[in-house]
Amino acid sequence: YRSALAQQPEDASARLGLGRALIAAGQTAEAGEVFSTTASALGALPIGLEGAAAGGPTLTPASTAGAAAAVFWLGELARDAGDCATANIYYAHYLTLQPGLIDSAIHERIAGCAARSEKKEQDPCPVGARQTSARLIPIRSSGISSCRSS
């Protein structure tokens, strides 16, 4: 993908392929940069998020599919990082770019983020830890934890 981009830096398909390859290699920060650059270049970053510029490039019918894919992957990266609020902004924007294509899967992701956020509020112990007593009151300000590793 890097070779293709060296020859045609504007090739959205090569950028998307590179971003997915970076995710597969565990290089999520670089993948996020690639997807963000792609979405921005195609005029598809949701206004209000970092990097989105009003008056930037205009989305065209020919670039919509690539733009939607970049926005989708930005949502996936945000969700995987635990940032459901940002993920849901990207997912909602994806739905405006590509309505009807994978709506049910996007709505499942949005609901999953909400459920995960709700569970974190209810369960103060991280995954893989267990409560140290039957009656717990998490003490966040002092850094004392009522959880311990299994």
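The rules behind these values
Residues numbered from 1 in each chain as written. Predicted model: local features only at pLDDT ≥ 70, side-chain atom pairs only at ≥ 80, totals over all residues. Heavy atoms only, no water. Helix = DSSP H or I, 4+ residues; strand = E, 2+ residues; numbered from the N terminus. Buried < 20%, exposed > 50% of the residue type's maximum accessible area, 1.4 Å probe, protein only. Contact = heavy atoms within 4.5 Å. Areas by Shrake-Rupley, 256 points an atom, 1.4 Å probe, with all protein chains shown as cover. pLDDT = per-residue confidence, 0-100. Core = buried A, V, L, I, M, F, W, Y, C linked by side-chain atoms within 4.5 Å. Expected span 1.5 Å × (residues − 1).

A. Seen up close, the overall build of the protein. Across its full length, the protein holds six helices and two strands. Reading the secondary structure of the protein in the N-to-C direction produces α-α-α-α-α-α-β-β. Counting the 150 residues in the protein, one finds 33% classified as buried. Within the protein, residue pairs in contact and separated by at least 24 positions form 38% of the contacts whose partners lie at least 6 positions apart. When the accessible surface of the protein is summed, it comes to about 9,100 Å², and 54% of that surface belongs to carbon and sulfur atoms.

B. Expanded view of the confidence of the model for the protein. Looking at the protein, pLDDT values average 78 and 69% of them are 70 or higher. Here strand β2 (residues 147-149) stands out as the least confident element of the protein, with mean pLDDT 43; helix α2 (residues 12-24) is the most confident, with 96. Considering only residues more than four positions removed or in separate chains, one finds that residues 128-150, a stretch of pLDDT under 50, has 25 contacts.

C. Quick peek at the nonpolar core. If you look at the biggest cluster of nonpolar residues, it comprises 30 residues, and the most contacted ones within it are F35, A39, A44, V71, L74, Y94 and I106. For L74, the residues in contact, after removing those within four places along its chain, are G32, F35, S36, A39, L45 and Y90.

D. Summary view of helix α4 (residues 64-80). Between its first and last C-alpha atoms α4 spans 24 Å; for 17 residues at 1.5 Å apiece the expected length is 24 Å, and the two agree. Among the 17 residues in α4, 13 count as buried, and that is most of the element. Looking one or two residues beyond α4, the residue adopting positive phi is G82, at roughly 85°.

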